[in-house]
Every structure is written in C-alpha cells, then in structure tokens.
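# Examining the three-dimensional arrangement
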Amino acid sequence: MWMRIGIIGSGNVGRTIADGALRAGHDVRLGARMPEKPELRDWLEQASEAASLSEIEGAAEFGELLVNATTGDGSLEALREAGEENLDGKALLDIANAGTSNEHGFELTYVNDDSLAERIQSEFPDLRVVKALNTMHREVMAAPEKVPGDHTVFICGNDDEAKSQVRELLGDFRWKDENVIDLGDLTAARALEMFVPLWVRLYSALDGQLFNIAVVRA
Ligand SMILES: NC(=O)c1ccc[n+]([C@@H]2O[C@H](COP(=O)([O-])OP(=O)(O)OC[C@H]3O[C@@H](n4cnc5c(N)ncnc54)[C@H](OP(=O)(O)O)[C@@H]3O)[C@@H](O)[C@H]2O)c1
C-alpha cells in the first residue's frame, strides 16, 4: 500500500531507506538538520519526483510512517526537534543504535534492562515504536538480495498495527515474509541493540564484506 514516509536523519541510512522506499513507489521526505547541505541537494536532484527534503520537523509532519535514522545518541534530541504533535499516533521504524565505536568494537549506551527504542517509547508514549533493520549493514536493509540466500530481519514493538505497517515496508524492500521474525514486544529491542557489538566485530573479521544473520530452523 502506498504510504507517505518521513525520515528523520539524512545520513547514509536515511538516504538508503529513502531510495528503497522511493523504488517501492512511496512518497518520501528526508528530514535533515541542515537540508541546504550540497550532498542533500544532490541527493534530491537525482531522486524521483516523489522525493522531498526538509528540516526534521517537516519530515515528521509529512510522514504517515516515520523512520528514525539518526545517530543513536542524538535520536531523542532529533525526535524532540520533530515536535510531539507530529509524532503522536504514528508508527516509527527505529533503526538507530546508541553507542560509541572504540578499539574493541562498539560500546552501547543502553544495555541489559534498557534500550534506545524503549527510551524513545517512554519519552513519546503516543508514538508506536518498532525496532527493525538495526542488525545489518545499510546496503542490505532495502536490498536483501545483496546477501545471497535466505537471511533474517528481526522486528519488535508493542503495537501490532505499527508492526504490520513496518512489515509491509519490509515486503516492499523484497524481504520474504518467512525471513521476518517477530520477537514480540519492544523489550526485545535490548537484544537487537546488544547484537551490534558482535556485528561490528564480525564486520571487521570479514573485512567489510556484506553479510547478515540467517536463523536456520529444524
Ligand atoms: N550505517 C549502517 O550500516 C548502519 C547499520 C545499522 C544501524 N545503523 C544506525 O543507523 C543510524 C544512522 O546511521 P548512519 O550510518 O546513517 O549515520 P550517519 O551517516 O552519521 O547519519 C546520522 C544522521 O543523524 C543525524 N543526527 C545526529 N545527531 C542528531 C541530532 N541530535 N538531531 C538531529 N539529527 C541528528 C545527522 O545529522 P547531520 O547530518 O546534521 O549531522 C545525520 O543525518 C545510527 O544510529 C546507526 O547506528 C547504521
């Protein structure tokens, strides 16, 4: 189903998701702190007519489905900038990971009994947060065929309708339905975010080659 998608964060992931959603026929507005940046003007120029660019608030207002593609440690600030009135009642696909890279890999900001996704949910109770796609390289997110064979994308959240909306977008990105694993409520975001340090070590061990997790069932 056609949707208006508002993307908060205009970096690598934001633009990758925007391009994937545009390929799937959706209308997309990319929300940036500085929409006048030349690289963003260039992105807009090469994108289809269904693409637009604005400040963060404008993208949040535009989207029926929202995507958080900001640096994890800046996500709460970015969502505040988006304006609560533009978030209320909407589904938010949260792709962000909060933490810092160091010589050992990645040190998470929230661990064990906490996660970025839950922090967002708790500060914006009327937003329907769904965590997905944070466990893979951005190139795979909207183009799963870049990794051969069957592999897995996880999804979790407290609101079934919001999860269905995100699942539909994943289908538009050509994720097979049987490769989408619903882990239940948003507390599962703890596990999804805590996978990231392993992902970072894998990325280094595999020398930057594209890969993804495949859950193989008996
Ligand atoms: N790259 C990947 O393959 C990958 C994979 C899985 C998950 N992720 C997660 O996805 C998110 C985005 O990653 P990325 O690779 O796209 O990073 P990126 O290229 O550095 O982009 C980050 C974006 O966040 C924005 N931002 C940072 N702090 C902000 C704030 N306080 N308010 C508003 N906007 C803010 C930046 O805005 P400015 O341009 O104005 O600085 C930029 O648009 C991260 O949380 C990352 O952990 C990335």
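Each remark here, short or long, concerns the structure printed above.
Let me begin by describing the structure that accompanies this report. Just so you know, these numbers come straight off a predicted model, no measurement behind them.

## Quick word on the pattern of salt bridges
In the structure shown here, the tally under the stated rule is 13 salt bridges. Where E193 meets K131, a salt bridge forms, and the shortest distance between an N and an O atom there is 2.8 Å. Taken as a pair, E193 in helix 9 (residues 189–194) and K131 in strand 8 (residues 128–132) lie far apart in primary sequence, 62 residues in all. The class for E193 is buried, based on a relative accessible area of 2%. Judged by relative accessible area, which is 0%, K131 ranks as buried. Beyond isolated ion pairs, a larger network of salt bridges with shared partners links D94, K131 and E193.

## Some details on the site of the ligand
Close to the ligand lie 23 residues; V13, R33, T70, E77 and R138 are nearest. With respect to the ligand, the backbone of V13 contributes an N or O atom lying 2.7 Å from an oxygen atom. Within the backbone of T71, a nitrogen or oxygen atom sits 3.2 Å from an oxygen atom of the ligand. About the coverage of the ligand: the protein hides 78% of its 890 Å² of free accessible area. Secondary-structure elements contributing two or more residues to the shell around the ligand are helix 1 (12–23), helix 4 (75–82) and helix 7 (138–141). Residue classes in the shell around the ligand are distributed as 8 nonpolar, 11 polar and 4 charged.

## Quick word on the pairing of strand 3 (residues 51–55)
Among the 5 residues that make up strand 3, 4 are buried, leaving the element largely enclosed by the rest of the structure. Of the strand pairs in this sheet, strand 2 (residues 27–32) and strand 3 are connected by 5 bridges, and their pairing is parallel. Bridge pairing in strand 3 links V28 to A51. Regarding the hand of the β-α-β motif, the stretch spanning strand 2, helix 2 (residues 38–46) and strand 3 is right-handed.

## Focus: the pairing of strand 9 (residues 153–157)
The element strand 9 is extensively covered by neighbouring structure, given that 5 of its 5 residues are classed as buried. Along strand 9, one buried face is formed by V153, I155 and G157 and the opposite face, lined by F154 and C156, is buried too. Where strand 8 meets strand 9, 3 bridges bridge the pair, whose relative direction is antiparallel. Bridging from a neighbouring strand, K131 pairs with C156 of strand 9. What joins strand 9 to strand 10 (residues 180–182) is helix 8 (residues 160–172), and the crossover it makes is right-handed.

## Here's the deal with the environment of W2
Position of W2 among the secondary structure elements: in the segment before strand 1 (4–8). Given a relative accessible area of 45%, W2 falls into the partly exposed group. A C-alpha to C-alpha distance of 9.6 Å links W2 and L169, two positions 167 residues apart in sequence. Setting aside residues no more than four positions away along its own chain, W2 makes contact with G25, H26, D27 and E64. Within the structure, W2 has its side chain in polar contact with the side chain of D27 (distance 3.5 Å).

Cut-offs and rules
- Residues numbered from 1 in each chain as written.
- Predicted model: local features only at pLDDT ≥ 70, side-chain atom pairs only at ≥ 80, totals over all residues.
- Heavy atoms only, no water.
- Salt bridge = Lys/Arg side-chain N within 4 Å of Asp/Glu carboxyl O.
- Helix = DSSP H or I, 4+ residues; strand = E, 2+ residues; numbered from the N terminus.
- Buried < 20%, exposed > 50% of the residue type's maximum accessible area, 1.4 Å probe, protein only.
- Near = heavy atom within 4 Å.
- Polar contact = N/O pair within 3.5 Å; in protein donor to acceptor, adjacent residues only side chain to side chain.
- Areas by Shrake-Rupley, 256 points an atom, 1.4 Å probe, with all protein chains shown as cover.
- Nonpolar A, V, L, I, M, F, W, Y, C, P; charged D, E, K, R; others polar.
- Pairing = 2+ DSSP bridges.
- Right-handed = clockwise from strand over helix to strand, strands pointing away.
- Contact = heavy atoms within 4.5 Å.

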